[in-house]
2 protein chains.
Amino acid sequence: MTQVRPMRADARRNYERLLKAAAEAFAEHGENASLDDIAKRAGVGPGTLYRHFPNRRALLEAAYLDRIEAIAARAGELADSLPPGEALRAWLYELCVGSLQVRGLKALLGSAVADGSPGAGTACAACVRGAAARLVEAARRDGALRPDVEPVDLLRLAHGVATAAELADEAGGRIRRYLTLLMEGLEPAAAPSD
Amino acid sequence: MTQVRPMRADARRNYERLLKAAAEAFAEHGENASLDDIAKRAGVGPGTLYRHFPNRRALLEAAYLDRIEAIAARAGELADSLPPGEALRAWLYELCVGSLQVRGLKALLGSAVADGSPGAGTACAACVRGAAARLVEAARRDGALRPDVEPVDLLRLAHGVATAAELADEAGGRIRRYLTLLMEGLEPAAAPSD
DNA sequence: ACCTGAACACCGTTCAAGT
DNA sequence: ACCTGAACACCGTTCAAGT
């Protein structure tokens, strides 16, 4: 219904400059990069930034939407080339790696699965949630995942794993380790006791 | 060796006022509570705050040291009244609950197990790490924990679980759930396949 | 319709002046 | 030895004035 009237040429140009500047700034300084600085990099007044993006989250999401979509697309690729359980595991691994590799992305993904957050109902959230749901369903059907685990729980736990790994010096290596512990459990393998 | 000369009376009084004001402010506004506000609450100039606490972390730690000690003490109590595996599990649960219940505490505990952080070498860090180490060792000896899991990994994962649970509306209930998934693993119980 | 940039409130941090 | 509070730099956000 809402015909999205095309933006005026200068508005469109500023919008794109802001996106580019934001991606740079977030990559350099993380999610808390200065909005003032972003506006300056884009060669616009701070008011223009607010006109296009009402808050930091909106800007962060717009700047990283392509990456989110790429992550979601990977889910399909992995599902096509691996058994369901392994596909899920591999995807969660890539999700965590991306979260830490691309500064600011972890915060965005977190807010996409946070119940109260304004980020919960966005395109970005729908994108990751959808990808997770498909992998989870396949893994469940294949008996490779506890049947009582919901996609959103998995995404939250992945966010937790990334957060935990980030605390270590060799964060990259820790992701694999912590993810394995999460998948297999901390208790020793099935010791059939009394 | 370094004889800690007693503080001048007014210094001591200001120090304590700051601690009290900080505890209040952190509880109200979380770890990012305004330092200016804390100084004002304590009836002190901002310079005085910096004289006693060189940075936010130092203040946060000093304000919550008693709580950290209480958490560590709980480890001993639980170890005395439960089998090692259950004691460990119960303690991790209480750790997560405390992390979310006391605003700002999760951040402090996180920095205590973060490799690079200035918080890694503090009394607070030694306190939780020590408690975790004792529980881990007992649980390992009892065969209730994978032998290749280090205390610091467990503390980081608990931090991750608290972070994940915090994303849900009913955070309290999610802690138990996520911790169980971590302990038992996401894969279905020991399906003896081919 | 959109942009600009001044303006305001707020915050962290430092330091010269005081006692 | 310790405290005070002014001062500075920086940031988020708003809004009146422009085109």
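Residues numbered from 1 in each chain as written. Chains lettered and ligands numbered in written order. Predicted model: local features only at pLDDT ≥ 70, side-chain atom pairs only at ≥ 80, totals over all residues. Heavy atoms only, no water.

1. Side note on the UniProt feature "domain: HTH tetR-type" (unreviewed entry) in chain A
Here is step 1 of the chain: Under the present numbering, the feature "domain: HTH tetR-type" (unreviewed entry) in UniProt falls on residues 12-71 of chain A.
Here is step 2 of the chain: Between the end C-alpha atoms of residues 12-71 of chain A there is a gap of 27 Å, over a span that is 82% helix and 0% strand. (UniProt positions renumbered as here; feature names shortened; annotations may be inferred. Helix = DSSP H or I, 4+ residues; strand = E, 2+ residues; numbered from the N terminus.)

2. Focus on the protein's contact with DNA strand C
Here is step 1 of the chain: Near DNA strand C there are 19 residues, and of these A:Arg8, A:Asn14, A:Thr48, B:Leu35 and B:Tyr50 occur at the shortest range.
Here is step 2 of the chain: Here DNA strand C approaches the protein such that, of its atoms within 4 Å, sugar and phosphate make up 68%.
Here is step 3 of the chain: A:Gly45 has a polar backbone atom sitting 3.3 Å from a phosphate oxygen of DNA strand C.
Here is step 4 of the chain: Contacts to DNA strand C include A:Gly47, whose backbone N or O atom sits 3.4 Å from a base oxygen.
Here is step 5 of the chain: Among the elements of the structure, helix 1 (9-29) and helix 3 (46-52) of chain A together with helix 2 (35-41) and helix 3 (46-52) of chain B are those that each provide at least two residues to the surface near DNA strand C.
Here is step 6 of the chain: For the surface near DNA strand C, the leading source of residues is helix 3 of chain A, giving five residues. (Near = heavy atom within 4 Å. Polar contact = N/O pair within 3.5 Å; in protein donor to acceptor, adjacent residues only side chain to side chain.)

3. Regarding the nonpolar core
Here is step 1 of the chain: If you look at the biggest cluster of nonpolar residues, it comprises 123 residues, and the most contacted ones within it are A:Phe26, A:Ile38, A:Trp91, B:Phe26, B:Ile38, B:Leu59 and B:Trp91.
Here is step 2 of the chain: Once residues lying within four places of it in the same chain are set aside, the contact partners of B:Trp91 are B:Ile71, B:Arg74, B:Ala75, B:Leu78, B:Val128, B:Ala131, B:Ala132, B:Leu135 and B:Leu155. (Core = buried A, V, L, I, M, F, W, Y, C linked by side-chain atoms within 4.5 Å. Buried < 20%, exposed > 50% of the residue type's maximum accessible area, 1.4 Å probe, protein only. Contact = heavy atoms within 4.5 Å.)

4. Some thoughts on the relation of the copies chain B and chain A
Relating one copy of the chain to the other takes a rotation about an axis and a shift parallel to that axis.
Here is step 1 of the chain: Overlay of chain B on chain A (RMSD 0.0 Å): rotation 180°, translation along the axis 0.0 Å. The two molecules are tied by a two-fold rotation axis, judged by turn and shift.
Here is step 2 of the chain: Here 100% of the interface residues in chain B have copies in chain A that are interface residues too; the copies meet face to matching face. (Least-squares fit on C-alpha atoms with pLDDT ≥ 70 in both.)

5. Remarks on the layout of surface pockets
The gaps of empty space that remain are located by a probe, the size of a water molecule, rolled over the atoms.
Here is step 1 of the chain: Its volume calculated, the largest pocket comes out at about 1,600 Å³.
Here is step 2 of the chain: Contributing to the lining of the largest pocket are 48 residues, with A:Glu31, A:Lys106, B:Glu31, B:Lys106 and B:Ala107 lying nearest its centre.
Here is step 3 of the chain: Contributing elements (two or more residues each) for the lining of the largest pocket: helix 4 (56-81), helix 5 (84-101), helix 6 (105-112) and helix 8 (151-166) of chain A together with helix 4 (56-81), helix 5 (84-101), helix 6 (105-112) and helix 8 (151-166) of chain B.
Here is step 4 of the chain: Among the elements that line the lining of the largest pocket, the one with the most residues is helix 6 of chain A, at six residues.
Here is step 5 of the chain: Considered class by class, the residues forming the lining of the largest pocket number 16 nonpolar, 20 polar and twelve charged. (1 Å grid on protein atoms, 1.4 Å probe; cavity = no way out; pocket = protein on both sides within 12 Å on 5 of 7 lines; lining within 4 Å. Points joined across faces, edges and corners; volume = space filled by probe spheres on them. Nonpolar A, V, L, I, M, F, W, Y, C, P; charged D, E, K, R; others polar.)

6. Focus: the packing of helix 8 of chain B against helix 9 (residues 171-184) of chain B
Residue and element names in this part refer to chain B.
Here is step 1 of the chain: Two elements in contact, helix 8 and helix 9, have axes whose closest approach is 8 Å; the angle formed by their N-to-C orientations is 135°. Taken together, the axis directions place helix 8 and helix 9 in an arrangement best described as oblique. As for how helix 8 packs across helix 9, the hand of that crossing is right-handed. Across from Leu157, Val161, Ala164, Ala165 and Glu166 in helix 8, the residues of helix 9 making contact are Ala171, Arg174, Ile175, Tyr178, Leu179 and Leu182. (Axes fitted to C-alpha atoms, helices over the stretch in contact; angles between N-to-C directions. Parallel < 35°, antiparallel > 145°, perpendicular 65-115°, else oblique. Left-handed = near helix turned anticlockwise from the far one by under 90°.)

7. A look at the protein's contact with DNA strand D
Here is step 1 of the chain: The environment of DNA strand D is formed by 19 residues, the closest being A:Leu35, A:Tyr50, B:Arg8, B:Asn14 and B:Thr48.
Here is step 2 of the chain: Near the protein, within 4 Å, the atoms of DNA strand D are sugar or phosphate in 68% of cases.
Here is step 3 of the chain: Separating a phosphate oxygen of DNA strand D from a backbone N or O atom of A:Asp36 is a distance of 3.1 Å.
Here is step 4 of the chain: Here a phosphate oxygen of DNA strand D and a side-chain polar atom of B:Arg51 are 3.5 Å apart.
Here is step 5 of the chain: Counting residues per element, the ones that place at least two in the surface near DNA strand D are helix 2 (35-42) and helix 3 of chain A together with helix 1 (9-29) and helix 3 of chain B.
Here is step 6 of the chain: Take the surface near DNA strand D: its biggest share by element is five residues, from helix 3 of chain B.
Here is step 7 of the chain: The residue inventory of the surface near DNA strand D, partitioned by class, reads seven nonpolar, seven polar and five charged.

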